[in-house]
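Descriptive analysis of the structure
Residue-level listing of the chains:
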Amino acid sequence: MRFILRRLGFYLIAFWASITLNFLLPRFMPGDPVSRMFARSQDRMQPEQIEALRKLLGVDDRPLWEQYADYLHNIFTGQMGVSISRFPTPVTEVIASQIGWTLLLGGTALVIAAVVGNLLGILAAWRRGGAIDSALPPLLVFIGSFPYFWLAMGALYLFGVVLNWFPIRHAFTDGLEPAFTWEFIGDVGAHLVLPALTIVLVSIGGWMLGMRNTMIATNSEDYITMAEAKGLRPSRIMLRYAARNAMLPSVTSFGMGLGFVVGGALLTEVVFAYPGVGYQLLNAVQGLDYPLMQGLFLTITAAVLLANFLVDILYVRLDPRVRSN
Amino acid sequence: MTTAILQQPGKTADKTPAARKPNRSFVHGLLTNKKALTGMAVMFVFIALALLAPALFPGDPSRITAMASLEPSAEHWLGTTAKGQDVLALTVHGSRSSLFVGLTVGFASTFIGILVGLASAYFGKFIDEALSLVTNVFLLLPGLPLLVILAAFLPPGLGTVILVLVITGWAGSARVLRSQALSIRSKDFVAAAVVSGERAGRIMFREILPNMASIVMGTLLACVIYGIGAQAGLEFLGLGDVSTVSWGNNLFWAGNEGALLTGSWWVFVPSGVCIALVAFALALINYAVDEVTNPRLRKIKTPKVNERSASK
């Protein structure tokens, strides 16, 4: 319990840091980006909306601490202002309509990469020097060296443009009504293949090597020798004895991996014009839509922190050593 | 990064009597390691290309000409872009900015990592708690969105790109270096130095730091890889300085000019392959450093492993 509370405190501090960063950035940056934004979109807005945005982004004569208190209050009551590129939609609404796509893309890719990568790592370490162990790691490290977005471009070009197997942009076919029908789900699945594939390809190597290296250490433990001496089936020793004990670092990287997936998904989403938060974040940057940018950054951060917290809770269940002290 | 964290326990042998000796065998180990040699050869080629770029392809590589979207030919080995620029010249010139930013970011973030890691480990207590907290917060904040936000608010330019990449990149190295420094901090020779009244700075940089040289090197390589990749990502999103020629900007323009949709694969392939080759070469050197310093990962097959794989 103490462990969980400590972690919770840590995540709250991290979240506070990102809010404060959000607060400070527009106020202390040179070049006054906020004025640029207003100059661009002033004629479309109501005076009171301009006033609210000015306060949110710090074009404001009040003392700093007062602005800060106001800012915190607004964040925790969910008032993140209105989006400028999609005027007059509130930022929260824009984000809500898009976060699902990122969760779908990132979640699918992360789960596939983690499961397959860990299994390959287990097999590689178990038959050390075998085919999987000698051929796959260098290959995967090499694939992992390519930039996310470049593999995405390659996949788009090869499978989308040249072979025309999969759709190359957006999350579903234009004009198709989102509904729980097989047609729509199949369509979403087809649009998901290429973006998810690129994320899996890039991230799978890290999972595999991490698992392999821990497994190698676990394989030399005495209880493995003992299990062999007892004459247990090799598959049972591999999965129940060695892999089970080597899993813990992978669980931690799963939480960390989420951060990378959100980042990787950002670039992949941009290449495939996939309507998730990453694609929206870039659009917000290009449209000088600072309220939306800040809202998206906070949402992404909150999601990553929450996921890490859940992983911590899981960790406590998995590792009795954490519980005892 | 994770592998570097996982593989530390190998290198903690006592080095008090002869601090130089392990270093020499470390260099020897690297020079006889196939991975390290391959990696260093690739890096050598790229650094040579970057230095010789103005001589090989004189003139401004991004000058717009009428020879648009030509396929690779004898005259333009890698074809031309939609704006008529020679892709080979762009790629070779691009290596200058990419390697420069990658190396600068790598050295700067490793340097900060060393300072933070050593200070944490040496002073301990409150300073360690505070520094570790900051490090962990930076580690946890999603890197690329943070990059995008920072780059959006700062004025565009090469300096911004470097600054932003260092801000998001130092934390990983600080964490790795701190844990290694902690294990050296608890050694007797450090205690002896403290008792004999040496200054804190001297103990940190002359006693502790030389004993973690291989980890520092691994961290540096990882940071350079990060720098090159992240710069490319940032520039691909159009958040770098789009007027400079670099691999990331080449890809940005390739995407912008619709090279994918018009089938001009030769425009976007070379820059991506170069990034991958450099990152792979650095990763190879990094793995070699791990192998040389961590006996468990060396390719010596213990009898036990042989028996098991033979029995199946």
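This text follows the structure it describes.
Report on the accompanying structure. (Residues numbered from 1 in each chain as written. Chains lettered and ligands numbered in written order. Predicted model: local features only at pLDDT ≥ 70, side-chain atom pairs only at ≥ 80, totals over all residues.)

Some words on the overall build of chain B
Threshold: Runs of E in the DSSP output that reach at least two residues are strands. Runs of H or I that reach at least four are helices, and both are numbered from the N terminus. To sort residues by burial, count the other C-beta atoms lying within 10 Å of each one's C-beta; a count of 20 or more means buried, 12 or fewer means exposed, and anything in between means partly exposed. C-beta atoms are built from the backbone. The contact criterion used here is simple: two residues whose C-beta atoms, placed from the backbone, lie within 7 Å are in contact.
When helices and strands are tallied, chain B shows 13 helices and zero strands. Residues counted as buried form 48% of the 312 residues belonging to chain B. Expressed as a percentage of contacts within chain B between residues at least 6 apart in sequence, the contacts between residues at least 24 apart total 73%.

Considerations on the packing of helix 11 (residues 277-286) of chain A against helix 12 (residues 290-318) of chain A
Residues and elements named next belong to chain A. The condition that has to hold: Here an angle of 0 to 180 degrees is reported between the N-to-C directions of two axes, which are lines fitted to C-alpha atoms, with helices fitted over the stretch in contact. When an angle is under 35 degrees it counts as roughly parallel; over 145 it counts as roughly antiparallel; between 65 and 115 it counts as roughly perpendicular; any other value is oblique. It is the rotation of the near helix from the far one that decides the hand of a crossing: anticlockwise by less than a right angle makes it left-handed, clockwise makes it right-handed. Nonpolar residues are Ala, Val, Leu, Ile, Met, Phe, Trp, Tyr, Cys and Pro. Charged residues are Asp, Glu, Lys and Arg, and all others, Gly as well, are polar.
Contact pair helix 11 / helix 12: the axes reach a minimum separation of 9 Å and the direction vectors enclose 150 degrees. Here helix 11 is positioned roughly antiparallel relative to helix 12, judged by the angle of their axes. The crossing of helix 11 and helix 12 is left-handed. Residues Val277, Gln280, Leu281, Ala284 and Val285 of helix 11 touch helix 12, and the partners they reach there are Leu292, Met293, Leu296, Thr299 and Ile300. Partitioned by chemical class, the residues of the contact of helix 11 with helix 12 number eight nonpolar, two polar and no charged.

What about the interface of chain B and chain A?
How big an interface is tends to be stated in terms of accessible area lost as the parts join. The interface is formed by 43 residues belonging to chain B together with 52 residues belonging to chain A. The element contributing the most residues to the side of chain B that touches chain A is helix 12 (residues 265-293) of chain B, with eight residues. For the side of chain B that touches chain A, the class distribution of residues is 29 nonpolar, eleven polar and three charged.

So, unusual backbone geometry
Residue and element names in this part refer to chain A. Look at Ala273: it is not a glycine, yet its phi comes out positive at around 50 degrees. Structurally, Ala273 is set in the loop between helix 10 (234-272) and helix 11. A residue is classified by how many C-beta atoms lie within 10 Å of it, and Ala273, with 13 of them, is partly exposed.

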